[in-house]
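Observations on the model geometry
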Amino acid sequence: MTSINNAYAGLSGNYLFSEVARRVSAFRARNPETEVISLGIGDVSLPLIPSVIRALHKAVDEMACADTFRGYGPEQGYAFLREAIRRHDFLPRGVKLDADEIFISDGAKSDIGNFQELFGDDAVVAITDPVYPVYEDSNAMAGRAGVRENGRWSRIVYLPCTRANAFQPDLPDTAVDVVYLCSPNNPTGTVLDRASLTAWVNHAREHGSLILFDAAYEAFIRDDSLPRSIYEIPGADEVAVEFRSLSKTAGFTGLRCGYAVVPKKLTARTKDGRTLSLHDMWLRRQCTKYNGCPYIVQRAAEAVFQPGAEKELAAGLAVYRNNADLMLASFRRMGLSAFGGVHSPYIWLQTPDAMPSWDFFDLMLEKAAVVCTPGAGFGASGEGYARFTAFNSPENTKKALERLEKAL
Ligand code: PLP
């Protein structure tokens, strides 16, 4: 029989969303007449904006003509898109990057999952708790996480994010090589301000660690004084990689496009003491294992960064933001403690009377036919919380909240 990567044998099953789906289908089978409303899933509900649709059609037509047809493109993305991103996302915020420090991909999940390949198997990784599971699982798959006991990996450093620290991770008190930060955060919906991000960058510079900064939800930031990119913090280009996505910004969850920023100043040491460029390593990795995001998708992505798109995108974001506002206001009226939701599509709700997350999930499903995501599924510190998302129609959001109010 084939010998496998033993690290996979130690992985927990993809328990959270499959268990949610199992309980929802059991409920549906028992209550076929009841309309279930999901405020659980982190997927957008609005269609693509007209500018993107136009760009897609045009690119498809180009592919139909010998003169304009495109085959393999550059593995790291077309220059037109890298340049558009540099000009749109970074220059206006005072961040100076070279376009070739931006690597286009089929989304942030792949980039985040793949990036850990560049680290040694002895690298010590820190993640927040609760956490977006890809950070933890991708390191576990690489065999870097140690042994799993009581839901935690022995070689991963967990940084609890609780009400006591306002869901902002404290700096680690042990030496770590890599830290994953996500702001605005999935699942807590909270955001790192300039002072805390500066503390993280300074800590990384002092300790020679690397920050992997996940900014997949930056478009939801409403306060312009909050950092949208870690590179707004001086010195971050020597210690941080940033991941971004068009999924939530522009509804690309199905179309697939994201990008990683890997500055040329980033270095890492080999075991025999040589210094290598992480930018060169990532380029080498991508050129070997990836053949690039489709041309038509990159043209669609380019349209997101053109002046005409801004208004169209803002209209969509406003729908999700209004849903989040309504949810926050309703939860608070119900006497519940709700966090996040201002600079994020996620609301992190503390369950009433410290009810366990899964009990709360069952209660919401049984009494209100509303689906949320149990906080415990994102890590031990998520116990006693539930994640609600603003990605539904205003009508469904309102209806779900009315049902919840009656149920509680
Ligand atoms: N990062 C975070 C924190 C996410 O929540 C998600 C998706 O839900 C992603 C990254 C993945 O984004 P993409 O759709 O670009 O792969």
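Our structure's up above, just so we're on the same page.
About the criteria used
Residues numbered from 1 in each chain as written. Predicted model: local features only at pLDDT ≥ 70, side-chain atom pairs only at ≥ 80, totals over all residues. Heavy atoms only, no water. Helix = DSSP H or I, 4+ residues; strand = E, 2+ residues; numbered from the N terminus. Contact = heavy atoms within 4.5 Å. Buried < 20%, exposed > 50% of the residue type's maximum accessible area, 1.4 Å probe, protein only. Pairing = 2+ DSSP bridges. Axes fitted to C-alpha atoms, helices over the stretch in contact; angles between N-to-C directions. Expected span 1.5 Å × (residues − 1). Arc of directions from axis to C-beta. Polar contact = N/O pair within 3.5 Å; in protein donor to acceptor, adjacent residues only side chain to side chain.

What follows is about the side chain of Thr397. By the secondary structure assignment, Thr397 is in helix 12 (residues 394-407). Setting aside residues no more than four positions away along its own chain, Thr397 makes contact with Leu39, Asn323, Leu326, Met327 and Asn392.

Within the secondary structure, Pro294 is located in the loop between helix 8 (278-289) and helix 9 (295-304). Under the relative-accessibility criterion, Pro294 is labelled partly exposed at 45%. Sequence separation between Pro294 and Ala380 is 86 residues; the distance between their C-alpha atoms is 39 Å.

Once that is clear, we can look at the sheet that holds strand 9 (residues 240-245). Here we have seven strands laid out as an open sheet, ordered 2-10-9-8-7-3-6, and mixed in their pairing. Where the open sheet ends on each side, the last strands, each with one partner, are strand 2 (102-105) and strand 6 (156-160). Direction aside, neighbouring strands of the sheet carry axes that sit 20° apart on average. As judged from the two bridges shared by strand 3 (residues 125-129) and strand 7 (residues 178-182), these two strands associate in the parallel manner. Among the inter-strand pairings, Ala126 is bridged to a residue of strand 7, identified as Val179. Here helix 3 (residues 79-90) sits on the sheet in contact with strand 2, strand 9 and strand 10 (258-261), set at roughly 115° to strand 2.

As a further point, take helix 11 (residues 357-368). Taking 1.5 Å per residue, 12 residues should reach 16 Å; helix 11 reaches 16 Å between its end C-alpha atoms and fits that length. Buried within helix 11 we find Ser357, Trp358, Phe360, Phe361, Met364, Leu365 and Ala368. Summarising the axial view, the buried residues of helix 11 lie within an arc of 160°, below the 170-degree limit, and thus occupy one face. Immediately downstream of helix 11, the backbone of Ala369 shows phi near 55°, a positive value.

For helix 6 (residues 194-207), which comprises 14 residues, the first-to-last C-alpha distance of 20 Å matches the rise-based estimate of 20 Å (1.5 Å per residue) to within 8%. Every buried residue belonging to helix 6 is among Ser196, Leu197, Trp200, Val201, His203 and Ala204, and all of these are buried. Taken end-on, helix 6 shows its buried residues confined to a sector of 160°, consistent with a single buried face. Away from the buried face of helix 6 by more than 90 degrees, exposed residues Ala195 and Glu206 are located. Buried positions along helix 6 lie against strand 6, strand 7 and strand 8 (210-214). Regarding helix 6, its N-cap is Asp193, as a side-chain oxygen of that residue lies 3.3 Å from the backbone nitrogen of Ala195 further along. Phi turns positive, to about 65°, at Gly208, one or two residues after helix 6.

Most of strand 6 sits inside the fold, with four of its five residues counted as buried. For strand 3 and strand 6, the ladder comprises five bridges, and the chain directions are parallel. Along strand 6, the bridge assignment pairs Thr128 with Leu159.

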